[in-house]
Amino acid sequence: MKATAIAHTNIALIKYWGKRDKTLILPANSSLSMTLDQFYTETTVEWSDAFMTDQFTLNGSRIEDTKVTRFLTILRQQFGMTEKAHVTSTNHVPTAAGLASSASAFAALALAASKAAGREDDDETLSRLARLGSGSASRSIFGDFALWQKGTDDTGIDSYAYPVVAPTELDLAMVVAVVDAGPKKIDSRLGMQSTVETSPYFEAWTATAEKDLLTIQDAFKANDFKIIGETVERNALSMHATTMAATPPFSYLKPASFAIMETVHALRENGIEAYFTMDAGPNVKVLCLTKDEQQVQTALASHTDQVYICHPGPKARVIAHD
Ligand code: PMV
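- As annotated in an unreviewed UniProt entry, the chain carries the name diphosphomevalonate decarboxylase and comes from Brochothrix campestris FSL F6-1037.
- Under the Sequence similarities (unreviewed entry) heading, UniProt states for the chain: "Belongs to the diphosphomevalonate decarboxylase family."

**Regarding the pairing of strand β1 (residues 2-14)**
Item 1. In terms of burial, β1 is a largely internal element, 12 of the 13 residues being buried.
Item 2. Of the pairings in the sheet, the one linking β1 to strand β4 (residues 31-48) comprises 11 bridges and is antiparallel in character. Each residue of the ladder has a partner; that of I6, found in β4, is E42.
Item 3. The pairing of β1 with strand β14 (residues 317-321) spans 4 bridges and is antiparallel. The residue bridging I6 from the neighbouring strand is R317, located in β14.

**Things to note about the sheet that holds strand β10 (residues 172-177)**
Item 1. With antiparallel pairing, 4 strands are arranged side by side in an open sheet as β11-β12-β10-β13. With partners counted over all chains shown, the strands left at the sheet margins are β11 (274-277) and β13 (307-310), one partner each. Each strand axis lies, on average, 25° off the axis of its neighbour in the sheet, ignoring direction.
Item 2. The pairing of β10 with β13 spans 4 bridges and is classified as antiparallel. Residue M174 lies in a different strand from β13, and its bridge partner there is C310.
Item 3. Along the sheet, helix α6 (residues 225-244) makes contact with β11 and β12 (284-289), crossing β11 at roughly 25°.
Item 4. The strands touched by helix α8 (residues 293-300) are β10, β11, β12 and β13; relative to β10, the strand with the most contacts, the crossing angle is about 10°.

**As for helix α5 (residues 202-221)**
Item 1. End to end, α5 covers 29 Å across 20 residues, agreeing with the expected 28 Å (1.5 Å per residue, within 8%).
Item 2. For α5, every residue scored as buried is listed here: F202, W205, T206, A209, D212, L213, I216, A219 and F220. Taken down its axis, α5 places every buried residue within 145° of arc, on the same side. Along α5, exposed side chains directed more than 90 degrees from the buried face belong to A207 and L214.
Item 3. Considering only its buried residues, α5 is in contact with β1, β4, α4 (188-198) and α6.
Item 4. Downstream of α5 by a residue or two, N223 has a phi angle that is positive, lying close to 50°.

**Some thoughts on the domain arrangement of the chain**
Item 1. On domain assignment, one finds that the chain holds domain 1 (2-168) and domain 2 (172-310).
Item 2. For domain 1 and domain 2, the distance between their C-alpha centroids amounts to 23 Å.
Item 3. Counting residues at the interface gives 24 residues for domain 1 and 33 residues for domain 2.
Item 4. Those elements giving two or more residues to the side of domain 1 that touches domain 2 turn out to be β1 and β4.
Item 5. With 5 residues, the top contributor of residues to the side of domain 1 that touches domain 2 is β4.
Item 6. Residues that form the side of domain 1 that touches domain 2 fall into these classes: 15 nonpolar, 6 polar and 3 charged.

**Points about the UniProt feature "domain: Mvd1 C-terminal" (unreviewed entry) in the chain**
Item 1. Summarizing the sequence annotation, UniProt attributes the feature "domain: Mvd1 C-terminal" (unreviewed entry) to residues 174-303 in the numbering used throughout.
Item 2. Note that residues 174-303 is 57% helix and 11% strand, and that its end C-alpha atoms are spaced 17 Å apart.

**Brief notes about the packing of helix α2 (residues 102-116) against helix α3 (residues 123-131)**
Item 1. Axis separation between α2 and α3 bottoms out at 9 Å; the angle between their running directions is 125°. Relative to α3, α2 is oriented oblique. Our pair here, α2 against α3, has a crossing hand that is right-handed. Between α2 and α3, the contacting residues are F106, A107, A110, L111 and S114 on the first element and L126, L129 and A130 on the second.

**With respect to the environment of D322**
Item 1. Summarising the element assignment, D322 is placed in the segment after β14.
Item 2. By C-beta crowding, D322 is classed as exposed, having 9 other C-beta atoms within 10 Å.
Item 3. Expressed as a C-alpha distance, the spacing of D322 and K2, which sit 320 residues apart in the sequence, is 5.7 Å.
Item 4. Dropping the residues within four chain positions of it, D322 is found in contact with M1 and K2.

What counts, and at which threshold
- Residues numbered from 1 in each chain as written.
- Predicted model: local features only at pLDDT ≥ 70, side-chain atom pairs only at ≥ 80, totals over all residues.
- UniProt positions renumbered as here; feature names shortened; annotations may be inferred.
- Buried ≥ 20, exposed ≤ 12 C-beta atoms within 10 Å, placed from the backbone.
- Helix = DSSP H or I, 4+ residues; strand = E, 2+ residues; numbered from the N terminus.
- Pairing = 2+ DSSP bridges.
- Axes fitted to C-alpha atoms, helices over the stretch in contact; angles between N-to-C directions.
- Contact = placed C-beta atoms within 7 Å.
- Expected span 1.5 Å × (residues − 1).
- Arc of directions from axis to C-beta.
- Domains from an automatic or database assignment.
- Nonpolar A, V, L, I, M, F, W, Y, C, P; charged D, E, K, R; others polar.
- Parallel < 35°, antiparallel > 145°, perpendicular 65-115°, else oblique.
- Left-handed = near helix turned anticlockwise from the far one by under 90°.

Printed below as a string of structure tokens:
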């Protein structure tokens, strides 16, 4: 009744931003991501009826985490079990990089919990389960590029991720510039909720995101990096625009984020194809071709000494079980 799994983080090229159902974590729009080779979470789950309570240990310290506790309750319901779980997780991200992600965490937890329960869930089922922990985790079940379809059903049965059908032949890299390693002031759940409830731009965002998704899929098929990059950048800025029009308005971006965006524009003016994206925090991730990754890294290193070159990473996997 014990298993260990690894899942890698992913960065959305077309963002998930806003839920149509908060309990089932059903998104307002579909999204598309790249799984990163460098950053991952390793999680061991043990189910036992000898355990009195659930326990969660993160990076060597016992902690209370309401999202994990809630997720274990959901898993018990889904698996038809009553046993409690001991969960031990380690985030393999550079120290204090601020990149520990709920995506890799809940994907690894879903997979380890399923295997430890003696189940052989397929990837679609695992993606659906991971989604119930954190939306973006649905995509971390898969390697390379994944598409999370929002689904049409109220039950969430058709809201899961799958590998992008025609993955690009381009050799892509994502260069991550860490400008702030601290915890977020407004986590993604709160940020989304506030946007959905108060931002007049939210409706326009969901329509834009669906269009961007079609554009990027065509560009993937055509191996057109310019269109891929321009779509990624526009989509990220559209998402961040929704927060600035919320009540009260907020932004995840810091002066250093804008300085890096300027640098990316300057790189393009000098003939290096590079495009930025940002999530619910100020760190900037720059999509480029592997042939340019060193030059992009050097340019970003003038802003921060924490710059990491990532490539498409592997799918979630079980590394040990009873
Ligand atoms: O899965 P969550 O609740 O951590 O939300 C992720 C939200 C973004 O990272 C901003 C976008 C995305 O699609 O990953």
